[in-house]
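# Architecture and fold: a report
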Amino acid sequence: MDLSCTPEEEEFRARLREWLAKVLPALPPKPSPDDWPGRRAYDLGWQRMLYDAGYADVHWDASPTVRLIFLEETEKAGAPYVGANFVGLLHAGPTIAAEGTPGQRERWLPPILRGDEVWCQGFSEPDAGSDLAALRTRAWRDGDDYVVSGSKIWTSHAEVADWCELLARTDPGAPKHRGITWLAMPMDAPGVTVRPLRTLAGSEEFAEVFLDEVRVPVANRVGAENDGWRVTMVTLSFERGTAFVGEVVACRRVLGELARRALENGRWDDPSLRRRLGRLNAEFRALWRLTQWNVSEAEQTGGVPGVGGSVFKLRYSQARQELYDAAAEVLGPESLDLGRPWVLDRLSSLSYTIAAGTSQIQRNIVAERILGLPKGR
């Protein structure tokens, strides 16, 4: 498999680098991490800059390789992350681009690309645990609307979102994977209540969402009724296949900074630490190659990442935790100071073996869909 870039792709890389070098020094300072309305405005302002420069649509209308180059170069340059808009740009938007009707694509994709609207993800539920298909939120048909009742949890940026990619059970009598429907729900609809949740690090970037007979137009359904599980697999393939690309680049950068810090404070003299950093370097180099392989495969299958994303997500989650454990070893007693670099990252890394599908679920996917092993009973 050829993992090299074409001349046209390298030209795109050079043009993007030149643009980033010109615009990044002029960006305003980032708002406080606790100021989510301010962060929303900052993140969407950056998205508008990308839109005006012609880079906003790389997540959907460009090839997977160009998308990979974009994520790699923006992270290397220290450009703002998609932030509050990550569900729209990396999950809901690509799903609507792949599965939506022409009218749905015309309605929802341009506002996401321009930085006009923010999306959140209404998948996980308090009583479903890691079994996403066990969701209990109900949606029943009433004329031209679905009426939705239930609750969601771990809904990132729900407090500043305009729309929610929502999974609801529309046929409670069907097998649990077959009675689900994917809906686009307006967050300002009557009956929607958002309660922010505080993380281990003290931030509030996700929330509980309670739905009390919320009316969602049938026209907001993406895919057929009761076909939502298949549509969800498209969403999750983007979430696990390409959404973490920039973070791999960031982890490789952090690894280099850790090595330099260890040289400065004398911890580099510990051979076990040097071996640990060396092994992590090999891990992230391998993960980058796996990312390239997944992207190359996606180009051959219509642009949607395959189940190889689960292999990547499984190993990346663990490697990220190991990276920030190594950071704590380099920092020593300073690792207890939340104001030090990498300490908050270490706390957030604990969630990665749960977020976007637990490691246990990823192992099941790899076992059943890649290795062909029988389903567990």
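Just so it is clear, the structure is predicted and the values come from calculations on it, not from any experiment. (Residues numbered from 1 in each chain as written. Predicted model: local features only at pLDDT ≥ 70, side-chain atom pairs only at ≥ 80, totals over all residues. Heavy atoms only, no water.)

### Thoughts on the overall build of the protein
Within the protein, the secondary structure is distributed over 11 helices and eight strands. Every one of the 377 residues in the protein was classed for burial, and the buried ones make up 52%. Excluding contacts between residues fewer than 6 apart, the proportion of contacts in the protein whose partners are at least 24 apart in sequence is 73%. For the protein, the accessible area works out to roughly 17400 Å², and carbon and sulfur atoms hold 52% of it. (Helix = DSSP H or I, 4+ residues; strand = E, 2+ residues; numbered from the N terminus. Buried < 20%, exposed > 50% of the residue type's maximum accessible area, 1.4 Å probe, protein only. Contact = heavy atoms within 4.5 Å. Areas by Shrake-Rupley, 256 points an atom, 1.4 Å probe, with all protein chains shown as cover.)

### Overview of the side chain of Thr-181
By the secondary structure assignment, Thr-181 is in strand S5 (residues 180-186). Engagement of the side chain of Thr-181 in a polar contact is seen with the side chain of Thr-170, the distance being 2.6 Å. Beyond its immediate stretch of four places on either side in the chain, Thr-181 contacts Leu-166, Leu-167, Ala-168, Thr-170, Arg-221, Glu-225, Asn-226 and Gly-228. (Polar contact = N/O pair within 3.5 Å; in protein donor to acceptor, adjacent residues only side chain to side chain.)

### A few points about the packing of aromatic side chains
The geometry of two aromatic rings is summed up by the distance between their centres and the angle between their planes. Summed over all chains, the structure comprises seven aromatic pairs. Ring centres of Phe-12 and Tyr-55 lie 5.9 Å apart, and the angle between their planes is 70 degrees; this geometry places the pair in the edge-to-face category. Of this pair, Phe-12 sits in helix H1 (residues 7-23) while Tyr-55 sits in the loop between helix H2 (36-53) and helix H3 (64-76), and the two are 43 residues apart along the sequence. Each member of the pair, Phe-12 as well as Tyr-55, carries the same accessibility label: buried. Their ring planes at 80 degrees and their centres at 5.3 Å tell us that Trp-154 and Phe-206 sit as a pair that is edge-to-face. Separated by 52 residues along the polypeptide, Trp-154 in strand S3 (residues 145-156) and Phe-206 in strand S7 (residues 206-217) bring together distant segments of the chain. (Phe/Tyr/Trp six-rings, centres within 6.5 Å; stacked < 30°, edge-to-face > 60°.)

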